[in-house]
Amino acid sequence: MSKLKNVGGLKAMNHSTRRLVDEHVLICIGLDICDKAASMVMSGSNVPNSIWENLIDFTKEYTDGFHHAKEEGVLFPLLCQRGLSLEYGPIAVMLHDHETFRRLLGQMNEGLEENNMAKVIAAYNEYSSSLRMHIHKENNILYPMGESMISREDEENLNSIYDETEMSLGGEKTSSKYHNMILSMREVVDSIE
C-alpha cells in the first residue's frame, strides 16, 4: 500500500495519536485511488459510478463517522479543557475543515444523482486537496501540540474512550469493511487501465 508523506518522519507518538495517524494513512490511500480515477474521467475513461459511491460511503462512515467522531467527540474537547480554544486556533480550523468536507461530499452526491460527472470531479478535486492539507496540519501541528498538553492519565482515558467509540461504531468489523472497500476500489481502478 502507498504511504502517506510525512508520516514516516513523525517522531515517536502517543498511542492515541498514532491511531489517528494510521487512519489518515488509509484515508490517503483512498484519495490516491480516487485521484487516479478523477484523472481517468477527465481524460475520457469510463470509471464506474461505484467508485464515487464507495468514496461517499467511505467518507461518511469511516472518515467522518469513525475518524472525525474520535476527534470531535473525544480529542478536541479534551484539548479545549487543556487550554486550546474552539473559537480560534487549530481546533477551530479543523472543525471548519470538517464542515467543508461534509459540504463537498454533499456536492459529490448531488453530482452523482444528477449524473453530472463534471460536478462530481470538481467537488472531489477540492475535497482531495483540502483533506490532504488538513491531514498534514493535524499530523504535524495539532497532534504534536496536543501531545505536549495531555498527561499520561489523559492518554489512558483517550485510548479507553477511543475503544468505546470504535466499538459503538462497529469496531473491527467496520474497520475491516473499509480497508477491504479501499482494496476493492483500487482493483477496479487498476483494471480500467
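Okay, so let's go over this structure. Values in this document were obtained by computation on a predicted structure and should not be read as measured data. Sequence order as written defines the numbering, with residues in each chain counted from 1. Reporting in this predicted model follows two pLDDT cut-offs: at least 70 for local features of residues, and 80 or more for side-chain atom pairs to be given and counted; totals over whole chains, interfaces and linings ignore these cut-offs and use all residues. In computing side-chain values, all of the structure's heavy atoms are included and hydrogens and water are not.

## What about the overall build of the protein?
Alright, step 1. Looking only at helices and strands, the protein has six helices and zero strands in total.
Alright, step 2. The numbering of helices and of strands both runs from the N terminus, where a helix is a DSSP run of H or I of at least 4 residues and a strand a run of E of at least 2. The helix and strand sequence of the protein, counted from the amino end, reads α-α-α-α-α-α.
Alright, step 3. Since a compact globule built from 193 residues should have a radius of gyration of about 16 Å, the 17 Å found for the protein is in line with a globular shape.
Alright, step 4. Overall size of the protein, expressed as C-alpha extent along the three principal axes, is 55 × 30 × 30 Å.
Alright, step 5. Partly exposed residues are those whose accessible area sits between 20% and 50% of the maximum for their type, while under 20% is buried and over 50% is exposed, using a 1.4 Å probe and protein chains only. In the protein, which comprises 193 residues, the share counted as buried stands at 45%.
Alright, step 6. Should any heavy atoms of two residues lie within 4.5 Å, those residues are considered in contact. Long-range pairs, those at least 24 residues apart, make up 80% of the contacts in the protein with a sequence separation of at least 6. Radius of gyration: C-alpha atoms only; globule rule: 2.2 Å multiplied by the number of residues to the exponent 0.38.

## Remarks on the packing of aromatic side chains
Alright, step 1. Stacked, tilted and edge-to-face are the three classes applied to pairs of Phe, Tyr and Trp rings, where Trp contributes its six-membered ring and a pair requires centres within 6.5 Å; stacked means planes under 30 degrees apart, edge-to-face means over 60, and tilted covers the rest. For the structure shown, the criterion picks out seven aromatic pairs.
Alright, step 2. Arranged with centres 5.7 Å apart and planes meeting at 85 degrees, the rings of F101 and Y127 form a pair that is edge-to-face. Note that F101 is positioned in helix α3 (residues 90–113) and Y127 in helix α4 (residues 117–149), a separation of 26 residues in sequence.
Alright, step 3. Note on F101: relative accessible area 4%, which makes it buried.
Alright, step 4. Of the residues examined, Y127 reaches a relative accessible area of 1% and is grouped as buried.
Alright, step 5. By the ring-pair criterion, three or more aromatic residues cluster together here, those being W52, F101, Y124 and Y127.
Alright, step 6. Charge-over-ring placement is defined geometrically: NZ (Lys) or CZ (Arg) within 6 Å of the ring centre, and within 35 degrees of the ring normal. For the cation-ring pair, K70 lies above Y162, with the distance from its terminal atom to the ring centre recorded as 5.8 Å.

## Brief notes about unusual backbone geometry
Alright, step 1. For N115, which is not a glycine, the phi torsion comes out positive at approximately 55 degrees.
Alright, step 2. Looking at the secondary structure, you find N115 in the loop between α3 and α4.
Alright, step 3. For N115, a relative accessible area of 59% gives the class exposed.

## Here's the deal with the nonpolar core
Alright, step 1. The set of buried Ala, Val, Leu, Ile, Met, Phe, Trp, Tyr and Cys residues whose side-chain atoms join them within 4.5 Å is what this entry labels a nonpolar core. By size, the foremost hydrophobic cluster in this structure holds 36 residues, and its most contacted members are I51, W52, F58, M108, Y124, Y127 and M185.
Alright, step 2. Of all the secondary structure elements, the ones that give two or more residues to this core are α1 (15–42), α2 (49–81), α3, α4 and α6 (171–192).
Alright, step 3. For this core, the element with the highest residue contribution is α1, accounting for eleven residues.
Alright, step 4. In this structure, M185 is in contact with I33, C34, I51, N54 and L55, ignoring residues within four places of it in sequence.
Alright, step 5. In this structure, L20, V21, L78 and Y143 belong to the second largest nonpolar core, which totals 15 residues.

## A word on the environment of P48
Alright, step 1. Position of P48 relative to the elements: it lies in the loop between α1 and α2.
Alright, step 2. Not counting residues up to four positions away in its chain, the partners in contact with P48 are V188 and I192.

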